[in-house]
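# Residue-level structure breakdown
Okay, here's what each chain looks like letter by letter:
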Amino acid sequence: MKDSLKILLGFLPWILFGLLAGPPLTRLEAALAVAWAATLALGWKQLHKGFFLTWGSLLFFSFGLILVAFLKNLWVIGHMDLLARTTLAVIAWGSIIAGRPFTLQYARESVPEAYWSAPQFIHTGYFISLVWGIIFLGALGASLFRPYLAGWLYHLLATGSMFLGIIF
């Protein structure tokens, strides 16, 4: 499987969460449960390999499920959009800062090990992770300023940027 498809598969729990979450509270709870299960089912191998995206996803959906479904934490429920976008930005930028860009982890599954230390390969992994980090920061900014944005503009900035990232 191409590494771009593997990355997309890594984002699938987030895509499912975004499609399913919403009012009433039972939809948000169901979305968190589905995303949590999808993270485990689709990312089992990546969890064992220490993939940033998969571990970040599992932690987010685990804590979200506990705080929303079991503890009914109203602050978390009311700020789920902001928390999700913050988590994605932290995953991207944290992996870069840690020297293990999350996209490089997926690329290594599709490229022979002989190329892993090639400067071009490493540079490309950093660049793609950097682009995703910028996209996530843009979506986070849209969430922060959501009360001041028209609904269509918020969706264009927050969701549209994700589609640009997938195309990229």
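## So, the layout of surface pockets
One number sums up the size of the largest pocket: a volume of about 800 Å³. Forming the walls of the largest pocket are 28 residues, and the residues nearest its centre are Trp14, Gly18, Asp81, Arg85 and Thr159. Partitioned by chemical class, the residues of the lining of the largest pocket number 19 nonpolar, six polar and three charged.

## Some remarks on the environment of glycine 94
Note on placement: glycine 94 falls in helix α5 (residues 80–97). Here the alpha-carbon distance between glycine 94 and phenylalanine 52, two residues 42 residues apart in the chain, equals 8.3 Å. If near-sequence neighbours (up to four positions away) are discounted, glycine 94 is found in contact with Phe52 and Ala89.

## A closer look at the side chain of threonine 87
By the element assignment, threonine 87 lies in helix α5. Residues within four places of threonine 87 in sequence aside, it is in contact with Trp14, Gly56 and Phe60.

## Brief notes about the packing of helix α7 (residues 119–144) against helix α8 (residues 151–167)
Contact pair α7 / α8: the axes reach a minimum separation of 8 Å and the direction vectors enclose 165 degrees. What the angle tells us is that α7 and α8 run roughly antiparallel. Where α7 crosses over α8, the handedness of that crossing is left-handed. Touching Trp132, Ile135, Phe136, Ala139, Ala142 and Ser143 of α7 are Tyr154, Leu157, Ala158, Ser161, Met162, Gly165 and Ile166, all from α8. Classifying every residue of the contact of α7 with α8 by side-chain character gives 10 nonpolar, three polar and no charged.

Each value, and the rule that gives it
Residues numbered from 1 in each chain as written. Predicted model: local features only at pLDDT ≥ 70, side-chain atom pairs only at ≥ 80, totals over all residues. Heavy atoms only, no water. 1 Å grid on protein atoms, 1.4 Å probe; cavity = no way out; pocket = protein on both sides within 12 Å on 5 of 7 lines; lining within 4 Å. Points joined across faces, edges and corners; volume = space filled by probe spheres on them. Nonpolar A, V, L, I, M, F, W, Y, C, P; charged D, E, K, R; others polar. Helix = DSSP H or I, 4+ residues; strand = E, 2+ residues; numbered from the N terminus. Contact = heavy atoms within 4.5 Å. Axes fitted to C-alpha atoms, helices over the stretch in contact; angles between N-to-C directions. Parallel < 35°, antiparallel > 145°, perpendicular 65-115°, else oblique. Left-handed = near helix turned anticlockwise from the far one by under 90°.

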